[in-house]
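These are the residues of each chain, in order.
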Amino acid sequence: MLYKMGHHVVSAENGKIALDRLKKEQFDLVLMDVQMPVMDGLSASLAIRDKTSDTLDPDIPVIAMTAHVIEGFQEKCLQSGMNDYIAKPVRPDALQSIVKKWYGYAKRQPLMAS
């Protein structure tokens, strides 16, 4: 869906790989799956926001992507440092809206999806 919207996308199989990439490369936005092997999205977001980490941009917008729609889970995502939340299954119009909200139209760096 992101490619069809004209974005350059870099993917990471888990939160640790995403965190390692964010220490070496600049991105405009992270779409973070909450449930991943090795390091989940909540832990990865906390690590991204940690000012003592080597992340190049600890203030990068991080958007949670999750099938958890139970009450209070969105707040848990925000407490881990995520900026926003999109529910799965992801609809193209909802994805486009959230990307525009946080990414705008400037295509300076690739997006990261993990």
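For the structure, see preceding data.
Here is a short report on the structure shown in this document. Per chain, residues are indexed from 1 in the order of the written sequence. In keeping with the predicted nature of the model, local features appear solely for residues at pLDDT of at least 70, side-chain atom pairs appear and are counted solely at 80 or more, and the whole-chain, interface and lining totals rest on all residues. Remark: hydrogens and water are excluded; side-chain values derive from all non-hydrogen atoms of the structure.

**Quick word on the overall build of the protein chain**
Per the convention used, a helix needs a DSSP run of H or I reaching at least four residues, while a strand needs a run of E reaching at least two, with both numbered from the N terminus. Along the protein chain, the regular secondary structure elements total four helices and five strands. Secondary structure elements of the protein chain occur, N-terminal to C-terminal, as β-α-β-α-β-α-β-α-β. Throughout this description, buried means an accessible area under 20% of the type-specific maximum (1.4 Å probe, protein chains only), exposed means over 50%, and partly exposed covers the range between. Counting over 114 residues, the protein chain shows a buried share of 46%. Within the protein chain, contacts between residues separated by at least 24 positions form 60% of all contacts whose residues are at least 6 apart in sequence. By element, 53% of the accessible surface of the protein chain is carried by carbon and sulfur atoms, the whole surface being about 6,300 Å². We call two residues in contact whenever any of their non-hydrogen atoms come within 4.5 Å of each other. Note on areas: Shrake-Rupley with a 1.4 Å probe; residue coverage comes only from the protein chains shown.

**Quick word on the pairing of strand E2 (residues 30-33)**
By the alternation rule, side chains of E2 split into Val30 and Met32 and Leu31 and Asp33, which are all buried. Paired strands are those between which DSSP finds at least two bridges. Note: E2 against strand E3 (residues 62-66), four bridges, orientation parallel. Paired with Met32 across the bridge in E3 is Ala64. Handedness rule for crossovers: strands pointing away from the viewer, path from the first strand over the helix to the second running clockwise, crossover right-handed. A crossover connection joins E2 to the parallel E3 through helix H2 (residues 41-49); in handedness this β-α-β unit is right-handed.

**What to know about helix H1 (residues 15-22)**
For H1, the complete set of buried residues consists of Gly15, Ala18, Leu19 and Leu22. The buried residues of H1 occupy an angular sector of 100° when the element is viewed end-on, so they sit on one face. Polar contact is the term for a pair of N or O atoms within 3.5 Å; when the atoms are in protein, one must be able to donate a hydrogen and the other to accept it, and sequence-neighboring residues count only if both atoms are side-chain atoms. Measuring from the backbone nitrogen of Lys16 back to the side-chain oxygen at the start of H1 gives 2.9 Å, which picks out Asn14 as the cap. To be clear, the arc concerns the directions from the helix axis to the C-beta atoms.

**A closer look at the pairing of E3**
Among the five residues that make up E3, five are buried, leaving the element largely enclosed by the rest of the structure. Burial of E3 is two-sided: the residues Val62, Ala64 and Thr66 facing one way and the residues Ile63 and Met65 facing the other way are all buried. For E3 and strand E4 (residues 84-87), the ladder comprises four bridges, and the chain directions are parallel. Each bridged residue has a counterpart across the sheet, and for Thr66 the counterpart in E4 is Ala87.

Structural measurements only, silent on function.
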